[in-house]
Amino acid sequence: MIFRQLFEPLSSTYTYLIGCEETGQAILIDPVIVEVERDLAEIQRLGLKLAYSIDTHIHADHITAALALKKKVGSKIAVAAYDRLPCADLGIEEGTPFHVGSLTLQPLHTPGHTDGHFSYVFDDRVFTGDALLIDGCGRTDFQNGDADTLYKSVWEKLFRLPDECLVYPAHDYHDRRVSSILQEKKCNPRLGQERTPEQFKQIMDNLHLPYPKLIDFAVLGNKQCGVCPCDLPDDLAQYCGHMVAGLQG
Ligand code: FE
C-alpha cells in the first residue's frame, strides 16, 4: 500500500492519498482546491495515476478539488449517492465496497455532522471525515446535522470497528495526525467513556461556535463538486487561491 497524509493549513484539512502498487492507480480522499498542484505532484512523484477523488461529505470549510482534478487529469468523482450530486461519476453506498485496482474501501454511512456523511474503512484504518475527530467531532448545527444521529453513527458504526483500527480524521487543529478506535472510545471527551446521548447533545448544544465563514460559498460550490463562486468576497479569496480564474470559465 502507498499512503500519504497531506495537510492543508487554511482549513486544517487532511487529504489522504492511497495508491495501488499493482496497477499504479490512486485515490485522493478529501482533496482541497488550493492544493491541487501539490497533490498531483505527489501522485506523479510516486509514479501513480489519479483514478478517483472521494469526499467524505459536502464540506463547509473548504472547497473540494474533485472537479479541478477531473479537469486536469481526468480522475472520476465519487461521492455519497445520498447527496445526489449531478456532477458525480459514482454514487457511494454503504454495503457496496469501492474498488480501485487492488484497493478496497468499505463505505459506512455516518450521518450527524451532515446527513450524507460517509466514513471509509480501508485495511487497518478508517477515514472518519468529520464524524469522529481526535478528541472531538464535527459540529452538528448545520447541513442537516444532528447530535443524536452523530452519537449513533459513532457508537453503532465507528466504535464497533476493532480497537486497534487507526482513526484518520478530516481535520485536526492541534497537529495531531492519527488516533485509534480504542483511544477515542477511552479518551474522546465528547463521545468516549461513559458519555450518554443526552450528555453528548448537551455538549454540542453548548459549544457556541461562530457562524462558519465560508459555509454559504463552500456548500454551494461543493454541491457542484468544487466550483469557486464568482461572488467570493476578497477576504475569502485565499480559499480558492489561484484556481479562481480557471474555474469560473
Ligand atoms: Fe465538515
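Asker: Explain the overall build of the protein to me, please; I cannot follow it from the model alone.
Answerer: A tally of helices and strands in the protein yields seven helices and twelve strands. Seen through its C-alpha atoms, the protein measures out along the principal axes to roughly 50 × 45 × 35 Å. For the protein, with 249 residues in total, the buried portion stands at 55%. For the protein, restricting intrachain contacts to residue pairs at least 6 apart in sequence, the fraction spanning at least 24 positions comes to 62%. Carbon and sulfur atoms provide 51% of the accessible area of the protein, an area that totals close to 11,100 Å². Placing the 23 positive and 35 negative side-chain charges of the protein at their respective mean positions leaves the two points 2 Å apart.

Asker: Would you mind showing me how to read the sheet that holds strand β5 (residues 76–80) here?
Answerer: Strand pairing in a sheet takes place through backbone hydrogen bonds and is either antiparallel or parallel in direction. Strand order in the open sheet formed by six strands is β1-β2-β3-β4-β5-β6, and the pairing between neighbours is mixed. Where the open sheet ends on each side, the last strands, each with one partner, are β1 (2–8) and β6 (90–92). Averaged over all pairs of adjacent strands, the angle between their axes in this sheet comes to 25 degrees, without regard to strand direction. Pairing geometry for β5 and β6, over three bridges, is parallel. Across the sheet, the residue bridging to Val 79 is Gly 91, located in β6.

Asker: Would you mind showing me how to read the environment of Arg 177 here?
Answerer: Mapped onto the secondary structure, Arg 177 falls in the loop between β11 (166–169) and β12 (179–180). A sequence separation of 172 residues divides Arg 177 from Gln 5, and the C-alpha atoms of the two residues are 8.3 Å apart.

Asker: Would you explain helix α6 (residues 215–222) in this entry?
Answerer: Each full turn of the α-helix corresponds to 3.6 residues, which orients residues three or four apart in the same direction. Most of α6 sits inside the fold, with six of its eight residues counted as buried. All of the buried residues along α6 are Ile 215, Phe 217, Ala 218, Val 219, Gly 221 and Asn 222.

Asker: How should I be thinking about unusual backbone geometry in this particular structure?
Answerer: Glycine aside, negative phi is the norm for most residues, and most peptide bonds take the trans geometry. At Asp 123, a position not held by glycine, the phi torsion is positive, near 55 degrees. Mapped onto the fold, Asp 123 is located in the loop between β9 (118–122) and β10 (125–129). On the basis of relative accessibility, which here comes to 61%, the residue Asp 123 falls in the exposed class. For Cys 225, which is not a glycine, the phi torsion comes out positive at approximately 65 degrees. The exposure class assigned to Cys 225 is buried, which follows from its relative accessible area of 2%.

Asker: Please explain the packing of helix α3 (residues 147–156) against helix α5 (residues 197–205) as it appears in this structure.
Answerer: How two helices pack is summed up by the angle between their axes together with the distance between the axes. One way to put it is that α3 packs onto α5 with a least axis distance of 9 Å and a crossing angle of 125 degrees. Judged by the angle between their axes, α3 and α5 are oblique. Helix-helix and strand crossings are classified by hand; for α3 and α5 the assignment is right-handed. From α3, Ala 147, Asp 148, Leu 150 and Tyr 151 reach across to α5, where they touch Pro 197, Phe 200, Lys 201 and Met 204. Of the residues in the contact of α3 with α5, the class split is six nonpolar, no polar and two charged.

Here is what the cut-offs are and how they apply
- Residues numbered from 1 in each chain as written.
- Predicted model: local features only at pLDDT ≥ 70, side-chain atom pairs only at ≥ 80, totals over all residues.
- Heavy atoms only, no water.
- Helix = DSSP H or I, 4+ residues; strand = E, 2+ residues; numbered from the N terminus.
- Buried < 20%, exposed > 50% of the residue type's maximum accessible area, 1.4 Å probe, protein only.
- Contact = heavy atoms within 4.5 Å.
- Areas by Shrake-Rupley, 256 points an atom, 1.4 Å probe, with all protein chains shown as cover.
- Lys, Arg positive; Asp, Glu negative; His and termini not counted.
- Charge placed at Lys NZ, Arg CZ, Asp CG, Glu CD.
- Pairing = 2+ DSSP bridges.
- Axes fitted to C-alpha atoms, helices over the stretch in contact; angles between N-to-C directions.
- Parallel < 35°, antiparallel > 145°, perpendicular 65-115°, else oblique.
- Left-handed = near helix turned anticlockwise from the far one by under 90°.
- Nonpolar A, V, L, I, M, F, W, Y, C, P; charged D, E, K, R; others polar.

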